[in-house]
Amino acid sequence: MSALLSVKDLRIDFVDRGRVTNTPVRGIDLEVGHGEIIGVVGESGCGKTLTGLAVLGLLPGGATATGSVLLDGGDQLAPNAANRRGEDVSIVFQNPGTAFNPVFTIGAQLRNVVRRHRDFTKREEDAHILNYLTLVQLPDPARAAASYPHELSGGMLQRAMIAMALLCEPKLLILDEPTTALDVTVAKQILELVLDLQRQFGFSVLLITHNLGIVHDICDRVAVLYAGRVIELGETAEVLKSPKHPYTQGLLDALPGNRDPNMPLAAIRGTVPSNLLGITGCAFADRCPLVIDECRRIDPALLESTNGHADACIRTVRA
Amino acid sequence: MSAVLDLQDVVKVFGTRRHPHRAVDGVSLRVEEGSIFGLVGESGSGKTTLARCALHLIEPTSGRAVFEGQELGALSRGQLRSLRSRLGVVFQNPVAALNPRMTIASLVAEPLVTHTKLRGSELKSRVLELLDDVGLGSAYPSRLPHQLSGGQLQRVGIARALATTPRMLILDEPTSALDVSVQAQILNLLRELRTRHDLTYLLISHDLDVIRYMCDSVAVMKQGQIIERGDTGAVFGNPEHEYTRSLLAATPGQRRIR
Amino acid sequence: MTYPLLPVVPSLTPVNERFTGLRHLGRVLSRDWLAAFGLVLVVLVLVLAVFGKWIAPHPEEGAGLANIPNRNLAPGAAHWFGTDELGRDVLSRVIIGAGPALSVALFVVVAAATIGIVLGAIAGYRGGWFDTVIMRITEFFQSFPPLLLAMITVALLGAGPVNVGIALAIAWWPWYARIVRAEAASLRDRSFVEAARAMGVPTWRILYRHILRNSTTPILVQATVDIGTVVLWVGSLAFIGLGAQPPSPDWGLMVQEGRGVILNRWWISTFPGLAIFVTVLGFNLIGDALRDILDPRQTKR
Ligand SMILES: Nc1ncnc2c1ncn2[C@@H]1O[C@H](COP(=O)(O)OP(=O)(O)O)[C@@H](O)[C@H]1O
Ligand SMILES: Nc1ncnc2c1ncn2[C@@H]1O[C@H](COP(=O)(O)OP(=O)(O)O)[C@@H](O)[C@H]1O
Ligand SMILES: [Mg+2]
Ligand SMILES: [Mg+2]
């Protein structure tokens, strides 16, 4: 079976007056299988959201993408990719409070989406919308449809957002930090809902998060992003249990959960570089505890070592 | 052991008389000398409001906040001002908590100018010393906040809070706006500073892992009230309240649900 | 595990925009020819105000000395703007008039802004009864037409440029008070102001460093535009006999002096009138440009 989504050597440049000002995504390779939940993790600024937007075919102004993003055979980087948005792929953003337009009811905004993709009568539209608001387990779907965004809590809005994303039965659902703005208990319910719907409909999920705990809880596979590249990729359990790249190791070690309170946390020193223009060698070299001279010269490719587990560290290449 | 900060039945009501909203609803807690006291709860549970009452940035509707044996509400403006040099605070959002038009050096100098007689080159060297103390090198003093990352800004926030050699810091979600990697740096820094300067912390967070790692004792807040409290190990190891259990269960990273 | 919230970036312009501001100024001027035109006008008026004595062809006539043999000459090679009923060179009168016009305007704007900034900042920051009282007072002042208010004040104090300045400052400060109050009230609850309070920073210092320094843009823009407007009001008061008295080289007074003969000897009123117009236009255009330069948020729209 071929993959549903296949991203090959995706690069995203920001161009201002003919000059490239930044290249926040520098050659991402990623495949998502049918019905798979894949996690994309990394610190903020690593290019997670931009990658998601490229898959959606919706890059911000000034950004140009090269490489290929094939979704079910269709080219998402082609100019007409926007037509398929909502049909084949849709997205749920981090902040449900700002993702909805405050001056329209939830129902009206869902109806807009249905109209763009389906040729329904008004009654069919109503039924369709209500059906999906019920699916996302909103306690009173009819009332939610008639509500304005500010009348719903963050958790309820995120449910409505998920309903909107699923209205046209996409094959791929992108979730960009879907629970970051929510409390833990609400977040957990939202994730459980996504799993539930995924079992029902069988769509694939690209889950963007910086939370390795969430990845652990629900993802089949995980891609670790650093400075616009996938630096480690594999089965979730495998990657979290025996990470190969020092960056992945660093992210895991930095977590305060179940640490000995008498020992300092193993923090990664420094921060994500804010501009990747003109970087040579491994972008993580400056922060890496295991850096060697070669790291400054060679930017290692993502290399599969054991079954499906790949990483982009020079020590793996040489091993 | 004696309590550095002692909150007694603090109540803060917002809203109108007809629609009162008890954001803090009768909270008492004692933060012992040298300890790290954790305050955990979901957003809107009243943690920040309680901190503001403890600092007398807002007046509690009723109840008392006592710091080093002095009741804040009974102090004169001058006394309250000088007390502020011994009770520092670090805010959740380091970007918002720093005046965007002031350089890092003048931001760190502000509490020193307020509370000490240091001026000129002495002031400057103390500022550098403080920046060094929080792990910021000499490249930063002349920069503006928007030229620093979130983690660096939070270090500046901590340097300011430390400037007047306080006895206690109230830390309101100091790492919630930061990546885990940077969070680890800041938590380590806070622990180091505590040992180096004999500090007492009231650490507010919605993150149970952070509280568990950092704190000696903890209070769980819900809807303005403390519903459970005790030693961190006891509360997290054997939670008595249903709500605490649900918070613990919801923390991701424990159990696969797919 | 954590659920970090993304930091909210405050919408204030950082101070170093001042440096990029100069570069920005160049860009604004080259793109926005109206702003460039405004700058030319303002520079012209300023140069005349400062160096008028040396530029005017007949400075002593400009100051008021009559030259009866030359009365009522039409504009020509010898007198570009013609001469008035007392034979004075109108060009020199207009040039010498720039100094007093701008000094009064500057005085009014500085005085009004000072009063308004102090009262507005305290009102906005403190709130409560002080705020209510100050705002009621500003409303009271603003409910009068400013010219009427100034007229009443001048009538009480007596005519003359100094009293005109005082009168206009009294009519003007409420506008500054309201601008600053609005800024102060919105900055008051910002986290960095609360942080300063938590550190025990004295109130006056918070007002200066954290409130005023973050509200300079609207104050500067308003003050720039107001210089032009005040010149117009000063002229108007002189026109109705409440400002400068003859033989002062006041633009409004000069318009008034030529009013009776406007159909026959149009130049006597027209050129000082144009001087007022040019000043108002110049400062208005510069005010708009300043808003764009100091407040990049609006430029981007
Ligand atoms: N609209 C934009 N204009 C310019 N640079 C951008 C824009 N959006 C993102 N970037 C840059 O791309 C990098 C990656 O951004 P993003 O994909 O949002 O990261 P993440 O989602 O991993 O936090 C950032 O460092 C940012 O500087
Ligand atoms: N200045 C205020 N005016 C009115 N209500 C407020 C104010 N500050 C906080 N609240 C309310 O008080 C409750 C507690 O808020 P807060 O103390 O910020 O909670 P937490 O810090 O635990 O997230 C919330 O419901 C909030 O809406
Ligand atoms: Mg993002
Ligand atoms: Mg809070």
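For the structure itself, look to the data block above.
Treat the numbers as computed from the prediction; the structure is a model and nothing was measured. (Residues numbered from 1 in each chain as written. Chains lettered and ligands numbered in written order. Predicted model: local features only at pLDDT ≥ 70, side-chain atom pairs only at ≥ 80, totals over all residues. Heavy atoms only, no water.)

Draft legend 1. Quick look at the nonpolar core. All names here are of chain A. Leu30, Leu110, Ile162, Leu172, Ile174, Tyr226 and Tyr247 are the most contacted members of the largest nonpolar core, which has 96 residues in total. Here the element with the most residues in this core is helix H6 (residues 154-166); it accounts for 8 residues. Residues contacting Leu30, with those up to four places away along its chain left out, are Leu5, Ser6, Val7, Ile38, Val40, Leu206, Ala223 and Leu233. (Core = buried A, V, L, I, M, F, W, Y, C linked by side-chain atoms within 4.5 Å. Buried < 20%, exposed > 50% of the residue type's maximum accessible area, 1.4 Å probe, protein only. Helix = DSSP H or I, 4+ residues; strand = E, 2+ residues; numbered from the N terminus. Contact = heavy atoms within 4.5 Å.)

Draft legend 2. Spatial organisation of the site of ligand 2. Residue and element names in this part refer to chain B. Taken together, Phe14, His21, Ala23, Glu42, Ser43, Gly44, Ser45, Gly46, Lys47, Thr48 and Thr49 make up all the residues around ligand 2. Between ligand 2 and the protein, one listed contact pairs an oxygen atom with a backbone N or O atom of Gly46 at 3.1 Å. A distance of 2.5 Å separates an oxygen atom of ligand 2 from a polar side-chain atom of Thr49. Isolated, ligand 2 exposes 570 Å² of accessible area, and the fraction of that covered by the protein chains is 61%. (Near = heavy atom within 4 Å. Polar contact = N/O pair within 3.5 Å; in protein donor to acceptor, adjacent residues only side chain to side chain. Areas by Shrake-Rupley, 256 points an atom, 1.4 Å probe, with all protein chains shown as cover.)

Draft legend 3. Layout of the sheet that holds strand E1 (residues 5-16) of chain A. All names here are of chain A. Strand order in the open sheet formed by 4 strands is E2-E1-E4-E5, and the pairing between neighbours is antiparallel. Strands with a single pairing partner mark the edges of an open sheet, and in this sheet they are strand E2 (19-32) and strand E5 (74-75). Inspection of the sheet shows strand E4 (residues 63-71) paired to E5 by 2 bridges, in the antiparallel sense. Across the sheet, the residue bridging to Leu71 is Gly74, located in E5. (Pairing = 2+ DSSP bridges.)

Draft legend 4. Up close: the packing of aromatic side chains. With the rule as written, the count across this model stands at 13 aromatic pairs over all chains. Arranged with centres 5.1 Å apart and planes meeting at 70 degrees, the rings of A:Tyr247 and A:Phe284 form a pair that is edge-to-face. Of this pair, A:Tyr247 sits in helix H10 (residues 246-253) while A:Phe284 sits in the loop between H10 and strand E11 (303-306); the two residues are 37 residues apart in sequence, bridging distant segments of the chain. By the burial criterion, A:Tyr247 is buried, and A:Phe284 matches it. One aromatic cluster is present, formed by C:Phe81, C:Trp266, C:Trp267 and C:Phe271 through successive ring pairs. The ring of C:Trp54 carries C:Lys53 above its face, with NZ or CZ at 6.0 Å from the centroid. (Phe/Tyr/Trp six-rings, centres within 6.5 Å; stacked < 30°, edge-to-face > 60°. Lys NZ or Arg CZ within 6 Å of the ring centre and 35° of its normal.)

Draft legend 5. Examining the site of ligand 1 more closely. All names here are of chain A. If you check the shell around ligand 1, you find Phe14, Pro24, Glu43, Ser44, Gly45, Cys46, Gly47, Lys48, Thr49, Leu50 and Pro60 and nothing else. Here Gly45 contributes a backbone N or O atom positioned 2.7 Å from an oxygen atom of ligand 1. Backbone polar atom of Cys46 to an oxygen atom of ligand 1: 3.2 Å apart, as the coordinates give it. Burial of ligand 1 by the surrounding chains reaches 64%, relative to a free accessible area of 560 Å². Residue contributions to the shell around ligand 1 peak at 3 residues, all from helix H1 (residues 48-56). For the shell around ligand 1, the per-class residue count stands at 5 nonpolar, 4 polar and 2 charged. (Nonpolar A, V, L, I, M, F, W, Y, C, P; charged D, E, K, R; others polar.)

Draft legend 6. Main features of helix H8 (residues 191-198) of chain C. For H8(C), a buried count of 6 out of 8 residues is recorded, marking the element as mostly surrounded by other parts of the structure. Those residues of H8(C) lying buried are C:Phe192, C:Val193, C:Glu194, C:Ala195, C:Ala196 and C:Ala198. Residues of H8(C) that are buried sit in contact with helix H1 (47-54), strand E6 (87-90) and helix H5 (150-162) of chain B together with helix H4 (90-126), helix H7 (161-188) and helix H9 (203-211) of chain C. Positive backbone phi, approximately 85 degrees, marks C:Gly200, located one or two places after H8(C).

Draft legend 7. Examining unusual backbone geometry more closely. The omega torsion of the bond from C:Pro246 to C:Pro247 falls at 5 degrees, within 30 degrees of zero and hence cis. Inspection of the secondary structure puts C:Pro247 in the loop between helix H10 (216-239) and helix H11 (251-259). Phi is positive for A:Asp9, close to 45 degrees, though the residue is something other than glycine. Summarising the element assignment, A:Asp9 is placed in strand E1. Under the relative-accessibility criterion, A:Asp9 is labelled partly exposed at 43%. Phi at A:Ala227 takes a positive value of approximately 45 degrees, unusual for a residue other than glycine. Structurally, A:Ala227 is set in the loop between strand E9 (221-226) and strand E10 (229-235).

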